Amino acid sequence: MDTDTLASTPRLTLRLHREDDLERLLAIHSRPDVSRYLLEEPWTIESGRAQLDRRLGRTDLAEPVGALALVVEQEGRLIGTVALWRTESEPRTLEVGWTLDPDHGGQGFAGEAVAAALRLAFARDDVHRVTAQMDGRNAASARLAARVGMRQEAHHRQDFWSKGEWTDTLVFAMLADEFPG
């Protein structure tokens, strides 16, 4: 296992970001169908470079504001990302987020990657809870959160102004003692 690999499954590797990931990250995040439910507009070369620079520094959850940004590889090809970060209000709570290349959708890769990220999170003694917040229109992510065992705790109606419109936010969560792995 490479030194930057933090988790693996039978089909996937979750590792830290590398400088040479920019091209694949751009290929995924520049797609309007991917960025539709994300906070950012489709990535340009400039915004992608800035995003990668931020992610290169997100390598550890040890600090009170720690964050871990990982790429998801399938057979050595970057197919998505998953991130864990400590929330500002409660350092024992992490939030998880994910993005998958739609060309690799429908094969269970996103669920497998998120489950691996949850294993990383709950392997830490100081993590009590992991949440996931998403655009309420993102039915695929809501189904994924439920599939990995997170429960829906809230549906906030038109609470977030995103890309020129009010959107709903879904909140899912799991407690450490609920994690099956």
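The notes below deal with the structure included here. (Residues numbered from 1 in each chain as written. Predicted model: local features only at pLDDT ≥ 70, side-chain atom pairs only at ≥ 80, totals over all residues. Heavy atoms only, no water.)

Observations regarding empty space enclosed by the protein
The rolling of a water-molecule-sized probe over the atoms marks out the regions of remaining empty space.
Phase 1: Enumeration according to the criterion identifies one cavity of 30 Å³ or more in this entry.
Phase 2: Volume-wise, the largest cavity comes out at about 50 Å³.
Phase 3: What lines the largest cavity is simply Val72, Gly80, Thr81, Val82, Trp98, Thr99, Leu100, Phe109, Ala110, Ala113 and Val114.
Phase 4: Mapped by element, the contributors of at least two residues to the lining of the largest cavity are strand E5 (77-86), strand E6 (93-100) and helix H4 (109-122).
Phase 5: Broken down by element, the lining of the largest cavity gets its largest block of residues, four residues, from H4.
Phase 6: Classifying every residue of the lining of the largest cavity by side-chain character gives eight nonpolar, three polar and no charged. (1 Å grid on protein atoms, 1.4 Å probe; cavity = no way out; pocket = protein on both sides within 12 Å on 5 of 7 lines; lining within 4 Å. Points joined across faces, edges and corners; volume = space filled by probe spheres on them. Helix = DSSP H or I, 4+ residues; strand = E, 2+ residues; numbered from the N terminus. Nonpolar A, V, L, I, M, F, W, Y, C, P; charged D, E, K, R; others polar.)

Looking at the pattern of salt bridges
Phase 1: Per the stated rule, a full pass over the model turns up 19 salt bridges.
Phase 2: Linking Arg31 and Asp33 is a salt bridge whose minimum nitrogen-to-oxygen distance equals 2.8 Å.
Phase 3: Since its relative accessible area comes to 22%, Arg31 is described here as partly exposed.
Phase 4: Here Arg49 and Asp53 are joined by a salt bridge, their closest N and O atoms 2.7 Å apart. Here the residue Arg49 and the residue Asp53 both occupy positions in helix H3 (residues 45-56), the gap between them amounting to four residues, near one helical turn.
Phase 5: Three or more residues are tied together by salt bridges with common partners; here these are Arg24, Arg31, Asp33, Asp101 and Asp103. (Salt bridge = Lys/Arg side-chain N within 4 Å of Asp/Glu carboxyl O. Buried < 20%, exposed > 50% of the residue type's maximum accessible area, 1.4 Å probe, protein only.)

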